[in-house]
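Results of the structural survey
Each chain is listed here by its residues.
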Amino acid sequence: MKSPIFTGSGVAIVTPFCGGAVNLRSFKQMLDRQIAAGTDAIIVCGTTGEAATMSYREKMQIIECCVEHVSGRVPVTAGSGCNSTEQAAALSKDIEKLGVDGLLIVTPYYNKATQSGLVRHYTVLADAVTTPIILYNVPSRTGVTMQPETYAELSKHPNIVGVKEASGNLSNVQKTRNLCPEDFSIWSGNDDEVVPVCALGGSGVISVVANVLPAEMHMLVKMCLENNYVEAGKLQLYLKNFCDTMFCEVNPIPVKTALNLMGMEAGELRLPLCAPSPQHEAQIREVLVAYNLLPA
């Protein structure tokens, strides 16, 4: 029986930059804030962490910092995906040596692999390491959708423990739950779908919004896992406008903008990402005021 790497709200944490370098001082402060607010896991070097524009050295630096600073207080999972199977395997092996609790591996982007290719890709990666692997399905980013039947095949591997499902396809979540064993975990990859995914047997969320609202996202999943879906539904609806605003432009532009407006030193975005439009920055500021995160 496989154990989930975590249940609850895992933050897909931003990477703070300053002057073109990783700002480890600010990063450590963010980690402490997350853990103090009840966040159940840290996911570093994912989409929200701008891993696609980080060098190998920077990835190793921030993952090592994360593992050492968290020091076992909550599980740490690191992104190690790549569109090259060989490079993803090498990166996964190197990250494993840093002592992470899990690896989050996105479907190979640009190549547009077939479902058979995805099975072979992930099997090679799962055979290459002993650290548990979370699959990551985000077709809006990668151009490929992993199907429930593919999850079912990959769930047979002892080192593949679940999926971050960010397709927005709740029908496929149902099919996945029916096709896969109970110990194959499903985490929502969309902040506005936590309640329905958990109601369908999910284990929680890997959250962008938790960067700004860690306590609220922790409480949302906690109520779901306690079968208090009436109150969880109310909280999900309350958070809907906030979730939408955090995706008014491509992630992580809005969430880093929000953190900077709150004085949390998330720093600059790396090209090709750039600052939001004036209209969207005003929208982000307005939602922070509405949720009592900035003074009116």
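A quick note: this is a predicted structure, and the numbers were derived from the prediction, not measured. (Residues numbered from 1 in each chain as written. Predicted model: local features only at pLDDT ≥ 70, side-chain atom pairs only at ≥ 80, totals over all residues. Heavy atoms only, no water.)

**Examining the packing of helix H10 (residues 229-245) against helix H12 (residues 278-290)**
Note the cut-off: For every element, the axis is a line fit to its C-alpha atoms; helices are fit only across the contacting stretch, and the angle between N-to-C directions ranges from 0 to 180 degrees. Every helix listed is a DSSP run of H or I at least four residues long, and every strand listed is a run of E at least two residues long, numbered separately from the N terminus. Reported orientations rely on four angle classes, namely roughly parallel under 35 degrees, roughly antiparallel over 145, roughly perpendicular from 65 to 115, and oblique for the rest. Helix crossings fall into two classes, left-handed where the near helix is turned counterclockwise from the far one by less than a right angle and right-handed where it is turned clockwise. Two residues qualify as a contact provided that any one of their heavy atoms is within 4.5 Å of a heavy atom in the partner residue.
Closest axis-to-axis distance for the H10/H12 pair is 10 Å, and the angle between their directions is 155°. As far as their axial angle goes, H12 and H10 are roughly antiparallel. Our pair here, H10 against H12, has a crossing hand that is left-handed. In this structure, H10 contributes Asn 241, Phe 242 and Thr 245 to the contact, and H12 contributes Gln 283, Ile 284, Val 287 and Leu 288.

**Considerations on the environment of Gly 20**
Worth spelling out the cut-off: Relative accessible area decides the class of each residue, using a 1.4 Å probe on protein chains only: under 20% of the type maximum gives buried, over 50% gives exposed, and in between gives partly exposed.
Examined against the element boundaries, Gly 20 turns out to sit in the loop between strand S2 (17-18) and strand S3 (21-22). On the accessibility criterion, Gly 20 (41% relative accessible area) is partly exposed. With 250 residues separating them in the primary sequence, Gly 20 and Arg 270 have C-alpha atoms 8.2 Å apart. Setting aside residues up to four positions removed in sequence, Gly 20 forms contacts with Glu 58, Glu 268 and Arg 270.

**Remarks on the side chain of Thr 245**
In this structure, Thr 245 sits in helix H10. Those residues in contact with Thr 245 that lie beyond four places of it in its chain are Pro 254, Gln 283, Ile 284 and Val 287.

**Digging into the pattern of salt bridges**
To be explicit about the condition: The rule for a salt bridge is simple: a side-chain nitrogen of Lys or Arg has to be within 4 Å of a carboxyl oxygen of Asp or Glu.
All told, the structure shown has 10 salt bridges when counted by the stated rule. Its salt-bridge partner being Asp 32, residue Arg 73 comes within 3.0 Å of it at the nearest N-O pair. One end of the pair, Arg 73, is in the loop between helix H2 (56-70) and strand S5 (76-79); the other, Asp 32, is in helix H1 (residues 24-36), and 41 residues separate them in sequence. We classify Asp 32 as partly exposed; its relative accessible area is 32%. For the salt bridge of Lys 240 with Asp 244, the shortest nitrogen-to-oxygen distance reads 3.0 Å. One end of the pair is Lys 240 and the other is Asp 244, both in helix H10 and 4 residues apart, which spans about a single turn. Taking the relative accessible area as the measure of exposure, Lys 240 reaches 33% and is therefore partly exposed. One network of salt bridges, in which partners are shared, links Asp 192, Lys 240 and Asp 244.

**Notes on the nonpolar core**
Note the threshold: The definition of a nonpolar core used throughout is a set of buried Ala, Val, Leu, Ile, Met, Phe, Trp, Tyr and Cys residues joined through side-chain atoms within 4.5 Å.
Formed by 82 residues in total, the largest nonpolar core has its most connected members in Val 44, Leu 135 and Val 212. Excluding residues within four positions of it along the chain, Leu 135 makes contact with Leu 104, Ile 105, Tyr 122, Met 146, Tyr 151, Leu 154, Ile 160, Gly 162, Val 163, Lys 164 and Phe 184. Judged by nonpolar contacts, the second largest core, of 14 residues, contains Ile 43, Ile 134, Tyr 136 and Val 161.

**Thoughts on the sheet that holds strand S8 (residues 160-165)**
Condition: Strands were regarded as paired on the criterion that DSSP finds at least two bridges between them.
Ordered in space as S1-S4-S5-S6-S7-S8-S9-S10, the 8 strands form a closed barrel in which the pairing is parallel. Strand-to-strand twist across the sheet, computed as the mean angle between neighbouring axes with direction ignored, equals 25°. Bridge analysis of strand S6 (residues 102-106) against strand S7 (residues 133-137) gives 4 bridges, and the strand direction is parallel. Its bridge partner being in S7, Leu 103 is matched across the sheet by Ile 133.

These figures come from the coordinates and say nothing about function on their own.
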